[in-house]
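Coordinate analysis (summary)
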Amino acid sequence: QVQLVESGGGLVQAGGSLRLSCAASGRTFTDYTMGWFRQAPGKEREFVAAISWSGGNTFYADSVKGRFTISRDNAKKTVSLQMNSLKPEDTAVYYCAGRDRGGSNWYSHLPTLGIKSKYDSWGQGTQVTVSS
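Summary of the structure given here.

Procedures and definitions
- Residues numbered from 1 in each chain as written.
- Predicted model: local features only at pLDDT ≥ 70, side-chain atom pairs only at ≥ 80, totals over all residues.
- Heavy atoms only, no water.
- Helix = DSSP H or I, 4+ residues; strand = E, 2+ residues; numbered from the N terminus.
- Polar contact = N/O pair within 3.5 Å; in protein donor to acceptor, adjacent residues only side chain to side chain.
- Contact = heavy atoms within 4.5 Å.
- Buried < 20%, exposed > 50% of the residue type's maximum accessible area, 1.4 Å probe, protein only.
- Core = buried A, V, L, I, M, F, W, Y, C linked by side-chain atoms within 4.5 Å.
- 1 Å grid on protein atoms, 1.4 Å probe; cavity = no way out; pocket = protein on both sides within 12 Å on 5 of 7 lines; lining within 4 Å.
- Points joined across faces, edges and corners; volume = space filled by probe spheres on them.
- Nonpolar A, V, L, I, M, F, W, Y, C, P; charged D, E, K, R; others polar.
- Pairing = 2+ DSSP bridges.
- Axes fitted to C-alpha atoms, helices over the stretch in contact; angles between N-to-C directions.

Here's the deal with the side chain of R72
In this fold, R72 is placed in strand β7 (residues 68-73). In terms of polar contacts, R72 uses its side chain to reach the backbone carbonyl oxygen of F29, at 3.1 Å. Within the local environment of R72, its side chain forms a polar contact with the backbone oxygen of Y32, the two atoms lying 2.9 Å apart. Those residues in contact with R72 that sit more than four places away from it in its chain are F29, T30, Y32, T33, M34, I51, S52, W53, S54, G55, T78 and V79.

Some details on the environment of V79
Looking at the secondary structure, you find V79 in strand β8 (residues 78-83). Overall, the relative accessible area of 0% leaves V79 in the buried class. Between the alpha carbons of V79 and L4 there is a distance of 9.8 Å; along the sequence they are 75 residues apart. In this structure, V79 is in contact with L20, S21, C22, F29, M34, W36, I51, I70, S71, R72 and C96, ignoring residues within four places of it in sequence.

Focus on the nonpolar core
If you look at soluble globular proteins, the nonpolar side chains tend to sit buried side by side. Counting residues in each nonpolar core, the largest one holds 36 residues, and the members touching the most others are W36, V79, L81, M83 and Y94. Ranked by residue count, the leading element in this core is strand β5 (residues 46-51), at five residues. If we skip the residues at most four places from it in the chain, M83 touches G16, S17, L18, L20, R67, F68, Y94 and V128.

Looking at the layout of surface pockets
Picture a little ball the size of a water molecule; that probe, rolled over the atoms, points out where space is still empty. Space inside the largest pocket adds up to approximately 160 Å³. Surrounding the largest pocket, R38, Q39, A40, K43, E44, E46, E89, T91 and A92 form its lining. In the lining of the largest pocket, the residues fall into two nonpolar, two polar and five charged.

Things to note about the sheet that holds β7
Within the open sheet, the four strands sit side by side as β1-β3-β8-β7. Their pairing is antiparallel. In this open sheet, the two edge strands, each paired with only one partner strand, are β1 (2-7) and β7. Ignoring which end each strand starts from, the neighbouring axes of this sheet average 20 degrees apart. Examined bridge by bridge, β1 and strand β3 (residues 18-26) share six bridges and lie antiparallel to one another. Each bridged residue has a counterpart across the sheet, and for E6 the counterpart in β3 is C22.

A word on the pairing of strand β9 (residues 92-100)
Counting buried residues in β9 gives seven out of nine residues, a clear majority hidden from the surface. Sheet topology places strand β4 (residues 32-39) next to β9; eight bridges connect them, and they run antiparallel. Bridging from a neighbouring strand, Y32 pairs with D100 of β9. Strand direction decides the pairing type here: β9 and strand β11 (residues 126-131), joined by three bridges, are antiparallel. In the strand pairing of β11, V93 is matched with Q127.

Here it is in structure tokens:
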């Protein structure tokens with residue numbers, strides 16, 4: 001497993017922006033596909049975005065497509081989530097997660113990128129609150 005620590009959460013008004021970061025340590029970072037999930041009070045943890053080991057491929061939940069951008073810096077062992085045009089319904093605890101990239105190509109993983117049980121490394125989460 002890789003150890004993950006998120007940062008960058010906070011309180012922002014609707015329409016504003018926040019950038020979350022996740023720092024990784026431990027195993028080789030490029031062995032991992034990385035993702036972001038979120039969990040609102042009383043709701044299940046849901047998928048937000050994922051990025052391939054190289055950073056060349058990304059995948060987003062429909063609810064954030066066009067507003068959020070996931071990126072990674074393999075030299076710094078970090079993954080980021082740039083969140084723009086934030087809405088009150090984006091309020092949640094955001095979690096960074098990692099899963100083994102596997103030997104298959106990116107497109108073969110698409111059906112399972114949103115499944116949280118496929119990720120074996122998790123951060124502690126960071127709170128994002130969007131006020132209306």
